[in-house]
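Structural features, examined
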Amino acid sequence: MELQPIIILCLGAFLLNLPFGYYRAGTRKLSWQWFVAIHFPVLLVIVARLVSGVSWRAIPFVFACDIAGQLLGGMLRPPVRVAEVKIKAGATELPLKVTEERLEEDER
């Protein structure tokens, strides 16, 4: 069993999952967009593994790279502030005084 195709497949899985993890972090959890952002790149990696002829024994390593790419991609997305969510939803009041104080600190 050669290591080079496995390393290339793992690196490809990691790099493929970075933008999908970034996108997933901005979607509502368990929505159809969240589901697609997680499972579509896995499908592509499975096809790439089958086409490249890499053994099934590499699956745990490729899966670990999938997860790492998703997590790192999600960490790269800046967190959404509560006020921005409320403004987009059409609310006129902020829910907590703490949120207003945090907004003032962020604006400085």
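Criteria and thresholds
Residues numbered from 1 in each chain as written. Predicted model: local features only at pLDDT ≥ 70, side-chain atom pairs only at ≥ 80, totals over all residues. Heavy atoms only, no water. Helix = DSSP H or I, 4+ residues; strand = E, 2+ residues; numbered from the N terminus. Buried < 20%, exposed > 50% of the residue type's maximum accessible area, 1.4 Å probe, protein only. Contact = heavy atoms within 4.5 Å. Areas by Shrake-Rupley, 256 points an atom, 1.4 Å probe, with all protein chains shown as cover. Polar contact = N/O pair within 3.5 Å; in protein donor to acceptor, adjacent residues only side chain to side chain. Phe/Tyr/Trp six-rings, centres within 6.5 Å; stacked < 30°, edge-to-face > 60°. Lys NZ or Arg CZ within 6 Å of the ring centre and 35° of its normal. pLDDT = per-residue confidence, 0-100. Core = buried A, V, L, I, M, F, W, Y, C linked by side-chain atoms within 4.5 Å.

1. Regarding the overall build of the protein chain
Helix and strand counts for the protein chain stand at five helices and zero strands. Counted from the first residue to the last, the protein chain has its helices and strands arranged as α-α-α-α-α. Within the protein chain, the proportion of its 108 residues that are buried is 25%. Considering only contacts within the protein chain whose residues lie at least 6 apart along the sequence, 67% involve residues at least 24 apart. Carbon and sulfur atoms form 67% of the exposed surface of the protein chain, whose accessible area is close to 8,200 Å².

2. Thoughts on the side chain of R49
Among the secondary structure elements, R49 is positioned in helix α2 (residues 32-52). Within the structure, the side chain of R49 is placed 3.0 Å from the backbone oxygen of V54, a separation counted as a polar contact. Sequence-distant contacts of R49, that is, excluding residues within four places in its chain, are made with L9, V54, S55, W56 and I59.

3. Re the packing of aromatic side chains
Under the counting rule described, the total for this entry stands at one aromatic pair. Consider the rings of F20 and F40, whose centres lie 6.0 Å apart with planes at 50 degrees: the pair is tilted. Of this pair, F20 sits in helix α1 (residues 4-25) while F40 sits in helix α2, placing them 20 residues apart in sequence. Directly above the ring of Y22 sits R77, whose terminal nitrogen or CZ lies 4.8 Å from the centroid.

4. Structural notes on the confidence of the model for the protein chain
Residues with a pLDDT of 70 or more make up 72% of the protein chain, whose mean pLDDT is 83. Mean pLDDT across the elements of the protein chain bottoms out in helix α5 (residues 97-107) (48) and peaks in helix α3 (residues 59-76) (96). Here residues 96-101 scores under 50 on pLDDT; set against residues more than four positions off or in separate chains, the count is three contacts.

5. Details of the environment of L3
Residue placement: L3 occurs in the segment before α1. Residue L3 is classed as exposed on the basis of its relative accessible area, which comes to 57%. The sequence separation of L3 and A58 amounts to 55 residues, and the corresponding C-alpha distance is 9.5 Å.

6. Some remarks on the nonpolar core
Grouped together as the largest cluster of nonpolar side chains are nine residues: I6, L9, C10, A13, V45, V54, A58, V62 and C65. Of all the elements in the fold, those that place two or more residues in this core are α1 and α3. Broken down by element, the residue count for this core peaks at four residues, all from α1. In this structure, V54 is in contact with P5, I6, L9 and R49, ignoring residues within four places of it in sequence.

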